[in-house]
Amino acid sequence: MMKQLFFFFLLFSISLQSQDFTQVDDLVDSYPKFSKVEALAKRISSDFSSDENKARATFYWLAKNIRYNLKEYYNPTQRSYNFSYATEAEKQQKLQALKDGIIADAFKTKQGVCEEYAQSFKKICDLLEIEAEVIKGNVRNTPNEIGKLATSTNHAWNAVKLKDKWVILDATWAAGFEYNGRWVKQFDNYFYNIPKEKIFKTHFPEKTIWVLRFGRMSLQEFYNQPIYGKTILKSNAELRTPKLGILKVDSSKELQLKFKNLDEKSLIYYTFKGQRYAKKPVITKVDGITTLTIKNAPKNSELVLYINKEAALQFKTK
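Presented here is a report on the structure given in the accompanying data block. Bear in mind that the values here come from a model prediction, so they are computed numbers and not experimental data.

### A few points about the sheet that holds strand 10 (residues 238-241)
Thought 1: Overall, antiparallel pairing links the four strands, which are arranged 10-12-15-14 in an open sheet. For this open sheet the edge positions go to strand 10 and strand 14 (282-286), each flanked by a neighbour on one side alone. With strand direction ignored, the average angle separating the axes of adjacent strands in the sheet is 30 degrees.

### Some words on the packing of helix 4 (residues 51-65) against helix 7 (residues 114-127)
Thought 1: Where helix 4 meets helix 7, the closest approach of the two axes is 10 Å, and the angle between their N-to-C directions is 150 degrees. One finds that helix 4 runs roughly antiparallel with respect to helix 7. Crossing geometry of helix 4 relative to helix 7 is assigned as right-handed. On helix 7, the residues that touch Ala55, Thr58, Phe59 and Leu62 of helix 4 are Tyr117, Ser120, Phe121 and Ile124.
Thought 2: Tallied by class, residues from the contact of helix 4 with helix 7 come to six nonpolar, two polar and no charged.

### Digging into the packing of aromatic side chains
Thought 1: By the definition in use, this model includes 17 aromatic pairs.
Thought 2: The interplanar angle of 75 degrees and the centroid separation of 4.9 Å between the aromatic rings of Tyr73 and Tyr74 together place this pair among those described as edge-to-face.
Thought 3: Judged by its relative accessible area of 42%, Tyr73 is partly exposed.
Thought 4: Given a relative accessible area of 47%, Tyr74 falls into the partly exposed group.
Thought 5: Consider the rings of Tyr190 and Phe191, whose centres lie 5.0 Å apart with planes at 90 degrees: the pair is edge-to-face. Per residue, the accessibility class of Tyr190 equals that of Phe191, and both read buried.
Thought 6: Taken together, the ring pairs in this structure connect Phe21, Phe59, Tyr60, Phe187 and Tyr192 into an aromatic cluster.
Thought 7: The ring of Tyr192 has Arg56 lying over it, and the distance from NZ or CZ to the ring centre is 5.1 Å.

Definitions and cut-offs
- Residues numbered from 1 in each chain as written.
- Predicted model: local features only at pLDDT ≥ 70, side-chain atom pairs only at ≥ 80, totals over all residues.
- Heavy atoms only, no water.
- Pairing = 2+ DSSP bridges.
- Helix = DSSP H or I, 4+ residues; strand = E, 2+ residues; numbered from the N terminus.
- Axes fitted to C-alpha atoms, helices over the stretch in contact; angles between N-to-C directions.
- Parallel < 35°, antiparallel > 145°, perpendicular 65-115°, else oblique.
- Left-handed = near helix turned anticlockwise from the far one by under 90°.
- Contact = heavy atoms within 4.5 Å.
- Nonpolar A, V, L, I, M, F, W, Y, C, P; charged D, E, K, R; others polar.
- Phe/Tyr/Trp six-rings, centres within 6.5 Å; stacked < 30°, edge-to-face > 60°.
- Buried < 20%, exposed > 50% of the residue type's maximum accessible area, 1.4 Å probe, protein only.
- Lys NZ or Arg CZ within 6 Å of the ring centre and 35° of its normal.

Structure, rendered in structure tokens:
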């Protein structure tokens, strides 16, 4: 009986982690491009009964219908707000009014940056009476950021409480990506319910309480890591060594990256900054550990490892 109970619990746990939202997504794909947040919340409330499906529908609609504003990202508008208040309740009321204005603009223009995505998700959850939070913190995108500790936060994402557990999601990163200065719309399911053990590879919360809920890491340790791409995040592959994102090139000019569970059928290449053509590393496998040996590594450069034609890891060399 104990084995049967354990087996049932295991299946239940797996089903929660890999919940299929195909029907939810298909229905939301038929939604119009709502111009008001209240109208979207009302439609979601009408179509779905569970908090899990409501949260997913909210996330999916925002990622599919709000376009990231690259112009605002590279030339941000200075948002400065001054207001007076007599009580804490009045302060929160006026702050919410400012957030509501940001959300209204995002729904009207169908574009925004991370703040618009995160505040919109939180607002809809509030209307649906689902507990959710906006998390502010730090993310990294380029090798130039490795080892350079930020002095302020640069991103916002969300947490939503479902079945008494916090689920971390990022509608901004799920909406698409920048390529050669242009925004490419492409929904990425990885950023809905980001795996607990991988959160700190891409996102670091400002508030300690959110750090402690998912592990132990300092901001400096976060910035010292290599840059992780979606290819490796979505796989079972685990980078065993090196753990740091700055690689020291010695007299041998060889670098070694060691992985566990790296798919041997993957197409693996690398480039250093300024190189025109990608090269293949020397690949060896011993006792389940795959080693990639990279020869003729230059100092003071940037290394990008590609797996199946997508950037999987990025490092700096010294």
